[in-house]
Amino acid sequence: MVRNVAELLAELESEDFYLLSGIEQGMRFSEWVQREKLSNFSGLTPEEVDYRLERCLKRGLVEKKTIQYEGYTLQFEGYDALALRALVERDTISEFGAPLGVGKESDVYEVKSYKPLALKYHREGYTNFREVNRERDYTSENQHVSWLYTARKAAEREFDALETLYPDVSVPQPIDQNRHAIVMEKMPGVELSRTRFEDDQVLGVLELLLRELSCAYEEGYVHADMSEYNVFVAEEGVTIFDWPQAVPTDHEHAREFLDRDLTNLVGYFRRKYPSVVPEDLESDAIAAEIATGEFDSLSA
């Protein structure tokens, strides 16, 4: 768990991080890094490598496997430690808090700095690598693709999208990013899937979300994974989060992703509020308006 990694930071030494970083470097070429190569990758002597391997194995930061050779790979805890240390050294994070959400593709924790923030660790590729490798086009950029690379690219893509969209689109304010970790503004409110609106509020909330997606399209991005689980609702308005699958609007399948996003969103409101959402409200028509910059309101 990441909380355990946070507690480990105080007892880990600089040389431990040299070793972890060395394994990280070696994993660019192979999932399992040969023991004999760790001195070159880490800058440590063979004797120091032995000592640091024992410490990191004991703490569950690395894993050992004997195949045709003695190999080592980072556990996600080891990768977490490298990213967390970098963020602490930058003074991005000063305290580690409680979990905000733990899922299949990310873990989110409250952290503190000058104000409460959220730390998101991307987990893409670690347990479902084949599925992610098929669905996300950035995994095809390198011939050798590891879960480590996939998770880092997901974090980079999401951070880039947030930097482009904020503050014109209601997304979490991006603060910092390192490896597979993103620090962002802690969002107010509750998940859309857990809310229930009065009938006279439904279309207003839906229209608000459609305006945000339209604005995102104008800024150059399609969410590409839109659902009731990627929206927070508060008194101040809505916040759309989880952008690692976002695609630029010049992507060859951008319109297809936009259509799917709107089908998911309108379909959710229609299922939950069948007596309020008009039958003639067509998601593909709204997508066409957004794609041509003509979306104004549901009543237009």
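None of the values given here were measured: they were computed from a predicted structure. (Residues numbered from 1 in each chain as written. Predicted model: local features only at pLDDT ≥ 70, side-chain atom pairs only at ≥ 80, totals over all residues. Heavy atoms only, no water.)

A word on the overall build of the chain
Consideration 1: Within the chain one finds 10 helices and 13 strands.
Consideration 2: A principal-axis box enclosing the C-alpha atoms of the chain has dimensions of 75 × 40 × 30 Å.
Consideration 3: Buried residues in the chain amount to 52% of all 300 residues.
Consideration 4: Restricting to contacts in the chain with at least 6 residues of sequence separation, those with at least 24 account for 63%.
Consideration 5: Carbon and sulfur atoms make up 44% of the accessible area of the chain, which amounts to about 14,600 Å² in all.
Consideration 6: Positive and negative side-chain charges of the chain, numbering 33 and 59 respectively, have mean locations separated by a distance of 7 Å. (Helix = DSSP H or I, 4+ residues; strand = E, 2+ residues; numbered from the N terminus. Buried < 20%, exposed > 50% of the residue type's maximum accessible area, 1.4 Å probe, protein only. Contact = heavy atoms within 4.5 Å. Areas by Shrake-Rupley, 256 points an atom, 1.4 Å probe, with all protein chains shown as cover. Lys, Arg positive; Asp, Glu negative; His and termini not counted. Charge placed at Lys NZ, Arg CZ, Asp CG, Glu CD.)

Some words on the sheet that holds strand 2 (residues 62–66)
Consideration 1: If you walk across this open sheet you meet the three strands as 1-3-2, and the pairing is antiparallel. A single partner strand is all that each edge strand has here, and the edge strands are strand 1 (33–34) and strand 2.
Consideration 2: Bridge count for strand 2 against strand 3 (residues 70–74) is five bridges, and the pairing is antiparallel. Bridging across to strand 3, Lys64 finds its partner in Tyr72. (Pairing = 2+ DSSP bridges.)

Quick notes on unusual backbone geometry
Consideration 1: The amide bond that connects Tyr166 to the next residue, Pro167, takes the cis arrangement and shows omega of 5°.
Consideration 2: Among the structural elements, Pro167 can be located in the loop between helix 7 (147–165) and strand 7 (174–178).
Consideration 3: If you check the backbone angles, Ala224 has positive phi at about 75° while not being a glycine.
Consideration 4: Looking at the secondary structure, you find Ala224 in the loop between strand 10 (221–222) and strand 11 (231–234).

Topic: helix 4 (residues 46–58)
Consideration 1: For helix 4, with 13 residues, the first-to-last C-alpha span of 18 Å sits near the 18 Å given by 1.5 Å per residue.
Consideration 2: What helix 4 keeps buried is the set Val49, Arg52, Leu53, Arg55 and Cys56. The arc that holds every buried residue of helix 4, seen down its axis, measures 165°, which confines them to one face. Relative to its buried face, helix 4 has exposed residues pointing more than 90 degrees away, namely Glu47, Glu54 and Lys58.
Consideration 3: For helix 4, the secondary structure elements touched by its buried residues are helix 2 (14–26), helix 3 (38–42), strand 2 and strand 3.
Consideration 4: Count one or two residues on from helix 4 and you reach Gly60, which has phi positive near 75°. (Expected span 1.5 Å × (residues − 1). Arc of directions from axis to C-beta.)

Describing the sheet that holds strand 7
Consideration 1: Overall, antiparallel pairing links the five strands, which are arranged 4-5-6-8-7 in an open sheet. Strands at the two margins of the open sheet, each flanked by one partner only, are strand 4 (95–102) and strand 7. In this sheet, adjacent strand axes meet at a mean angle of 25° when their direction is disregarded.
Consideration 2: In this structure, strand 4 lies alongside strand 5 (residues 106–112), joined through five bridges in antiparallel fashion. Across the sheet, residue Pro99 finds its bridge partner in strand 5, namely Tyr109.
Consideration 3: Along the sheet face, helix 5 (residues 76–89) touches strand 4, strand 6 (116–122), strand 7 and strand 8 (181–185) and points at about 145° away from the line of strand 6.
Consideration 4: Strands in contact with helix 7 are strand 6, strand 7 and strand 8; relative to strand 7, the strand with the most contacts, it is inclined by about 160°. (Axes fitted to C-alpha atoms, helices over the stretch in contact; angles between N-to-C directions.)

Looking at the nonpolar core
Consideration 1: One finds Leu209, Trp243 and Phe269 to be the most contacted residues of the largest nonpolar core, which totals 43 residues.
Consideration 2: The set of elements that each furnish at least two residues to this core consists of helix 7, helix 8 (199–219), strand 10, strand 11, strand 12 (237–240), helix 9 (254–272) and helix 10 (283–291).
Consideration 3: Broken down by element, this core gets its largest block of residues, nine residues, from helix 8.
Consideration 4: Among all residues touching Leu209, those that are not within four sequence positions of it are Leu192, Val231, Val238, Ile240, Leu265 and Phe269.
Consideration 5: In terms of nonpolar packing, the next biggest core, distinct from the first, is built from 37 residues, Leu74, Tyr79, Ala83 and Leu87 among them. (Core = buried A, V, L, I, M, F, W, Y, C linked by side-chain atoms within 4.5 Å.)

Quick word on the pattern of salt bridges
Consideration 1: Within the structure shown, the criterion is met by 19 salt bridges.
Consideration 2: The residue Arg59 makes a salt bridge to Glu11 at a minimum N-O spacing of 2.8 Å. Of the two residues, Arg59 is situated in the loop between helix 4 and strand 2 and Glu11 in the loop between helix 1 (2–8) and helix 2; the sequence distance between them amounts to 48 residues.
Consideration 3: Taking relative accessible area as the criterion, Arg59 reaches 23% and is therefore assigned partly exposed.
Consideration 4: With a shortest N-O distance of 3.0 Å, Arg255 and Asp259 are connected by a salt bridge. Highlighted residues: Arg255 and Asp259, both in helix 9, separated by four residues, approximately one helical turn.
Consideration 5: Residue Arg255 is classed as partly exposed on the basis of its relative accessible area, which comes to 35%.
Consideration 6: With relative accessibility at 24%, the residue Asp259 sits in the partly exposed group.
Consideration 7: Sharing partners across several salt bridges, the network here consists of Glu13, Glu15, Asp16, Glu48, Arg52 and Arg55. (Salt bridge = Lys/Arg side-chain N within 4 Å of Asp/Glu carboxyl O.)

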